[in-house]
Amino acid sequence: MSEIITQHRPSIIVQDVRKTFQIRHTHSLKEAFVSWVKRKKVGSTPFHALDEVSFTVAEGESVALLGYNGSGKSTLLKLVSGVLEPDSGRVLTRGRVAGLIEVGAGFHPDLSGRENVYLNAAILGMNKSEIDERFDDIVAFSEIGEFIDQEVKHYSSGMFLRLAFSVAIHVELDVLLVDEILSVGDAPFRQKCTEKIHELAQAGKTMLIVSHNMGMVQELCERGVVIRKGRKVFDGPIAEAVEAMNAK
């Protein structure tokens, strides 16, 4: 198995990481309630989402996490972001990490777009002066314009996602985690998002990207880590990683 050895100081270290979830056997709220009333234990089966996964991402490197649905990619990204913790092993990061994993998760529907910009940016680690400085750029990038002072519950799904993406992409960051978010919006907006990601890469930001768009990851990343059934099966140049992912 090919593996790239990074030469610069690491921004992300994933070492011998395991993560297991319990899959419950009840299929409905009614079944769960009946089991609770009868004091019956609900059966479950362990699902090993990640098994002894290790890799390092160097400062300024752009790496794609590749694999089919259910392989463990998004779980791994959430471990790196700190949303989840490993059952064993360790995950270390250097600098400020911004995760485009569940875009808009910090938005409140009863607040205006303006208020949500400040709320979500604060959740992502920005202070008020940083938000003030970037506010106009955030709104301009989102193309929300005159709707910025309306409650976001009245936004279309596209408007909501554009504003949420714009907030996240303007965070002062060292490491950017991206999970399929470049599918947001229409074609012109997706192109603008891709160009912004390129700008961050050229600025030396570290990036870990999950996407099923092989053309895009080959354009953005020089390296790929392939995950299959929770285990790392390849770590090397992006073109070879794409081939390894498609190999049976």
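What you see is a predicted model, and the numbers here were worked out from it, not measured in a lab.

**Notes on the pairing of strand β3 (residues 62–66)**
For step 1, the next point in the chain: Most of β3 sits inside the fold, with five of its five residues counted as buried.
For step 2, the next point in the chain: Burial along β3 is two-sided: Ser62, Ala64 and Leu66 facing one way and Val63 and Leu65 facing the other are all buried.
For step 3, the next point in the chain: Across four bridges, β3 lies against strand β7 (residues 206–210) in parallel orientation. The residue bridging Val63 from the neighbouring strand is Leu208, located in β7.
For step 4, the next point in the chain: With four bridges connecting them, β3 and strand β8 (residues 223–228) associate as parallel partners. The residue bridging Leu65 from the neighbouring strand is Val225, located in β8.

**Overview of the sheet that holds strand β6 (residues 175–179)**
For step 1, the next point in the chain: In spatial order, the strands read β5-β6-β7-β3-β8-β9; together these six strands make up an open sheet with mixed pairing. Bordering the open sheet on either side are β5 (97–100) and β9 (231–237), each of which pairs with just one other strand. Averaged over all pairs of adjacent strands, the angle between their axes in this sheet comes to 15°, without regard to strand direction.
For step 2, the next point in the chain: Alignment of β6 against β7, held across five bridges, turns out to be parallel. Its bridge partner lying in β7, Leu176 is registered against Met207.
For step 3, the next point in the chain: The strands touched by helix α2 (residues 73–81) within the sheet are β3, β6, β7 and β8, with β6 carrying the most contacts at an inclination of about 150°.

**Describing a nonpolar patch on the surface**
For step 1, the next point in the chain: A contiguous nonpolar surface patch, about 250 Å² in accessible area, is contributed by Phe21, Ile23 and Phe47.
For step 2, the next point in the chain: Of the residues examined, Phe47 reaches a relative accessible area of 36% and is grouped as partly exposed.

**Focus on the pattern of salt bridges**
For step 1, the next point in the chain: A full pass over the atoms with the stated rule returns 15 salt bridges.
For step 2, the next point in the chain: Lys153 is paired through a salt bridge with Asp110; the nearest N and O atoms lie 3.1 Å apart. Of this pair, Lys153 sits in the loop between α4 (128–142) and α5 (157–169) while Asp110 sits in the loop between β5 and α3 (113–123), placing them 43 residues apart in sequence.
For step 3, the next point in the chain: When the shortest N-O distance is used, the salt bridge between Lys128 and Asp132 registers 3.0 Å. On the criterion of helical spacing, the pair formed by Lys128 and Asp132 is a turn pair, its members being four residues apart in helix α4.
For step 4, the next point in the chain: Residues joined by salt bridges that share partners form a network here, namely Arg18, Asp51, Glu52 and Arg231.

**Concerning helix α6 (residues 187–202)**
For step 1, the next point in the chain: For α6, which comprises 16 residues, the first-to-last C-alpha distance of 23 Å matches the rise-based estimate of 22 Å (1.5 Å per residue) to within 8%.
For step 2, the next point in the chain: Buried-residue contacts for α6 involve α4, α5, β6, β7 and α7 (214–220).

**Digging into the side chain of Lys196**
For step 1, the next point in the chain: Within the secondary structure, Lys196 is located in helix α6.
For step 2, the next point in the chain: Those residues in contact with Lys196 that lie beyond four places of it in its chain are Phe141, Ile169 and His170.

**Side note on the side chain of His170**
For step 1, the next point in the chain: Among the structural elements, His170 can be located in the loop between α5 and β6.
For step 2, the next point in the chain: Look at His170 and you get buried, because its relative accessible area is 10%.
For step 3, the next point in the chain: If we ignore the near neighbours within four places in the chain, the residues touching His170 are Met126, Arg134, Asp137, Ile138, Phe141 and Lys196.

**A short note on the packing of aromatic side chains**
For step 1, the next point in the chain: Under the counting rule described, the total for this entry stands at five aromatic pairs.
For step 2, the next point in the chain: Centroid distance Phe141 to Phe189: 5.7 Å. Interplanar angle 70°. Geometry classified as edge-to-face. Remark: Phe189 occurs in helix α6 and Phe141 occurs in helix α4; sequence separation between them is 48 residues. With respect to class, Phe141 is no different from Phe189; both count as buried.
For step 3, the next point in the chain: A ring pair is formed by Phe165 and Phe189, whose centres lie 6.3 Å apart and whose planes are at 75°; its orientation type is edge-to-face.

**Examining the pairing of β5**
For step 1, the next point in the chain: The side-chain alternation of β5 yields one buried face, formed by Ala98 and Leu100, and one unburied face, formed by Val97 and Gly99.
For step 2, the next point in the chain: Inspection of the sheet shows β5 paired to β6 by four bridges, in the parallel sense. Residue Leu100 lies in a different strand from β6, and its bridge partner there is Val178.

**A word on unusual backbone geometry**
For step 1, the next point in the chain: Here the phi dihedral of Glu143 falls at roughly 65°; this positive angle occurs in a residue that is not glycine.
For step 2, the next point in the chain: Within the element layout of this structure, Glu143 appears in the loop between α4 and α5.
For step 3, the next point in the chain: Backbone geometry places Lys229, a non-glycine residue, at a positive phi of 50°.
For step 4, the next point in the chain: Along the chain, the position of Lys229 falls in the loop between β8 and β9.

Rules behind the numbers
- Residues numbered from 1 in each chain as written.
- Predicted model: local features only at pLDDT ≥ 70, side-chain atom pairs only at ≥ 80, totals over all residues.
- Heavy atoms only, no water.
- Buried < 20%, exposed > 50% of the residue type's maximum accessible area, 1.4 Å probe, protein only.
- Helix = DSSP H or I, 4+ residues; strand = E, 2+ residues; numbered from the N terminus.
- Pairing = 2+ DSSP bridges.
- Axes fitted to C-alpha atoms, helices over the stretch in contact; angles between N-to-C directions.
- Contact = heavy atoms within 4.5 Å.
- Patch = residues over 30% accessible without salt bridge, like charges linked within 9 Å, V, L, I, M, F, W, Y side chains within 5 Å.
- Areas by Shrake-Rupley, 256 points an atom, 1.4 Å probe, with all protein chains shown as cover.
- Salt bridge = Lys/Arg side-chain N within 4 Å of Asp/Glu carboxyl O.
- Expected span 1.5 Å × (residues − 1).
- Phe/Tyr/Trp six-rings, centres within 6.5 Å; stacked < 30°, edge-to-face > 60°.

Spatial relationships are all this shows, so hold off on functional conclusions.
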